[in-house]
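Here is what each chain is made of, one letter per residue.
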Amino acid sequence: MIVLKSDYFSSHERLTRFINENHIKREDILAITQAPSFFTIFFYADDAVEEVTHGLLS
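Here's a quick rundown of the structure. These numbers were taken from a predicted model, which means no experiment stands behind them.

**Things to note about the sheet that holds strand S2 (residues 29-34)**
Part 1: Pairing is antiparallel in the open sheet, where three strands are placed in the order S1-S3-S2. Each end of this open sheet is capped by a strand with a single partner; those strands are strand S1 (2-9) and S2. Taken over all neighbouring pairs, the strand axes of this sheet differ in orientation by 20 degrees on average, direction set aside.
Part 2: When S2 meets strand S3 (residues 39-46), the two strands line up antiparallel, connected through five bridges. Along S3, the bridge assignment pairs Ile32 with Ile41.
Part 3: The sheet strands contacting helix H1 (residues 12-21) are S1, S2 and S3, and the helix crosses S3 at an angle near 5 degrees.

Here is the structure:
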């Protein structure tokens, strides 16, 4: 089942690595937001798939 997922990253390099290593398609990215100390990505993915790279709170 496709669900909305999110994760937090301390730098844009870690966020980019997450997107590339998990082969997240552009059309599956709902939003990327930036706060003073981290980036957040909201994306659609299969709920049965565990992401390879993890963000801050994993």
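**Things to note about H1**
Part 1: Here H1 has its buried residues at Leu15, Phe18 and Ile19. Summarising the axial view, the buried residues of H1 lie within an arc of 95 degrees, below the 170-degree limit, and thus occupy one face.
Part 2: Of the residues trailing H1, His23 is marked for its positive phi of about 50 degrees.

**Some details on the pattern of salt bridges**
Part 1: One pass over the structure, following the stated rule, counts two salt bridges.
Part 2: Measuring nitrogen to oxygen at the nearest pair gives 3.2 Å for the salt bridge that ties Glu21 to Arg17. A residue pair is termed a helical-turn pair when its members lie 3 or 4 positions apart in one helix, as Glu21 and Arg17 do in helix H1 at four residues.
Part 3: Residue Glu21 is classed as partly exposed on the basis of its relative accessible area, which comes to 34%.

Reading the values: the criteria
- Sequence positions are assigned chain by chain, starting from 1 and proceeding in written order.
- Per-residue local features of the predicted model are confined to residues with pLDDT of at least 70, and side-chain atom pairs are confined, for both listing and counting, to 80 or more; whole-chain, interface and lining totals are unaffected and use all residues.
- Think of the side-chain values as coming from all heavy atoms in the structure, minus any hydrogens and water.
- Note: two strands are recorded as paired if DSSP finds a minimum of 2 bridges between them.
- Helix numbering and strand numbering both begin at the N terminus, where a helix is a DSSP run of H or I of at least 4 residues and a strand a DSSP run of E of at least 2.
- Angles here are taken between N-to-C directions and fall from 0 to 180 degrees, while the axes themselves are lines fitted to C-alpha atoms, restricted in helices to the stretch in contact.
- By definition in these notes, contact holds between two residues if any of their heavy atoms fall within 4.5 Å.
- Relative accessibility thresholds used throughout: buried, under 20% of the residue-type maximum; exposed, over 50%; partly exposed, between the two (1.4 Å probe, protein chains only).
- When we speak of the arc, we mean the arc of directions from the helix axis to the C-beta atoms.
- One speaks of a salt bridge when a side-chain nitrogen belonging to Lys or Arg is within 4 Å of a carboxyl oxygen belonging to Asp or Glu.

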